[in-house]
Amino acid sequence: MVFIFAATTLIGRASELSAPVLITWRCLLAAGGAFLWVVLMRDRRLWLGWPVLGRLLFVGMIMGLHWLCLFGAVKVANVSIALAGLATLSVFTAFTEPLINRVKVRRFEVVLGMLVLFGICLIAGAEVGHLLGLGLALLSALFAALFMVLNKRIVESGSDPMVMVGWEMLAATMVCFCAVPFIDPLGYAALAVGALLEWFWILLLAWGCTVFAQALANKLLKTISAYSFNLAANFEPVYGMIAAALIFAEYENLGATFYFGALAIVVANLLHPRLERRFGIRPVPGGLV
């Protein structure tokens, strides 16, 4: 699944569409695909009641903002910078999950988050020409952390994962559609994209990297904490940066300090499962606050 998430930024780099236009199409087709799958294959009801629907739409809007920032970082910088900034989601989750769930912060999670932050500081110091892209990526990490923590609360309530994806993607579509005129004034015309290759990228993003991947993520969140999920997902930048180096030759524009920063992220991921086994798993209560 992490490989699938890593592929999303590569597709964003390959597409010539602006970030809001690409994400609008992605979310709209993902919502349609999820709802169609539920109706035809799952025989589940789409209406979940206003309380649950309101929560799903809210977290879907957060996901839309996350993707706008992430793909914006790809466009103004590159894949490696965007993914490196996204890796700080473990830092944000270490604080947002205890705050929202009203539990005590675990010290080792904060320490590991600080190690990731140290890596990001190395990257920022080495890539001063990409600070805007890194800033957008950091903002996307914050939104991703909030989404994962809040989404886990809804998952634990027993909602069907594919129905959740449909409503969340519908809300993300609305957010991204509203952002088009502010970020890309000619974007509405581009919504009628007709290039065959662009449709291939859009459909791959919508159905492969969104519907399938997010439904799988929702299932995983029933058994693991949001922090564990997000810290494991920090391998996404590693795989993505390797792929970007091979496909787009980004290694030519990145110095040794960048890779030292990336190494710090990898070390944090390797240490986490050992420390979690030693200090125990923190229970996460259900229900959205």
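This one's a predicted model, so the numbers in the text were calculated from it and none came from an experiment. (Residues numbered from 1 in each chain as written. Predicted model: local features only at pLDDT ≥ 70, side-chain atom pairs only at ≥ 80, totals over all residues. Heavy atoms only, no water.)

A short note on unusual backbone geometry
Trans is the prevailing form of peptide bonds, just as negative phi is the prevailing case for residues other than glycine.
Argument step 1. Positive phi values are uncommon outside glycine, yet arginine 102 reaches one of about 60 degrees.
Argument step 2. Take arginine 102: it is sitting in the loop between helix H5 (89–101) and helix H6 (107–126).
Argument step 3. The exposed category is assigned to arginine 102, whose relative accessible area is 70%. (Helix = DSSP H or I, 4+ residues; strand = E, 2+ residues; numbered from the N terminus. Buried < 20%, exposed > 50% of the residue type's maximum accessible area, 1.4 Å probe, protein only.)

Overview of the confidence of the model for the protein
Argument step 1. For the protein, per-residue confidence averages 79 on the pLDDT scale, and 81% of positions sit at 70 or higher.
Argument step 2. For the protein, helix H11 (residues 226–232) is the element with the lowest average pLDDT, namely 60, and helix H3 (residues 50–76) is the one with the highest, namely 93.
Argument step 3. In the model, residues 282–289 has pLDDT below 50 throughout and makes 26 contacts with residues more than four positions away in sequence or in other chains. (pLDDT = per-residue confidence, 0-100. Contact = heavy atoms within 4.5 Å.)

Section: a nonpolar patch on the surface
Argument step 1. On the surface, Leu36, Trp37, Val39, Leu40 and Met41 cluster together into a nonpolar patch covering about 550 Å² of accessible area.
Argument step 2. Locating tryptophan 37 in the fold gives a position in helix H2 (residues 19–42).
Argument step 3. Taking the relative accessible area as the measure of exposure, tryptophan 37 reaches 42% and is therefore partly exposed. (Patch = residues over 30% accessible without salt bridge, like charges linked within 9 Å, V, L, I, M, F, W, Y side chains within 5 Å. Areas by Shrake-Rupley, 256 points an atom, 1.4 Å probe, with all protein chains shown as cover. Salt bridge = Lys/Arg side-chain N within 4 Å of Asp/Glu carboxyl O.)

Quick word on H5
Argument step 1. An ideal rise of 1.5 Å per residue puts 18 Å on 13 residues; H5 measures up with 17 Å between its terminal C-alpha atoms.
Argument step 2. The buried fraction of H5 amounts to 10 of the 13 residues, a majority that puts the element mostly inside the structure.
Argument step 3. Within H5, burial applies to Leu89, Ser90, Val91, Thr93, Ala94, Thr96, Glu97, Pro98, Ile100 and Asn101.
Argument step 4. Arginine 102 lies just past H5 and shows a positive phi near 60 degrees. (Expected span 1.5 Å × (residues − 1).)

What to know about the nonpolar core
The tendency in soluble globular proteins is for nonpolar side chains to be buried as a group.
Argument step 1. Ranked by size, the top nonpolar core spans 64 residues in total, and within it Leu56, Trp67, Phe71, Leu86, Trp167 and Met169 carry the most contacts.
Argument step 2. Per-element tally for this core: the top contributor is H3, with 13 residues.
Argument step 3. Non-local contacts of methionine 169, meaning those with residues more than four positions away in its chain, are made with Cys27, Ala30, Ala31, Met63, Trp67 and Thr210.
Argument step 4. In terms of nonpolar packing, the next biggest core, distinct from the first, is built from 15 residues, Ala77, Ile120, Ala262 and Ala268 among them. (Core = buried A, V, L, I, M, F, W, Y, C linked by side-chain atoms within 4.5 Å.)

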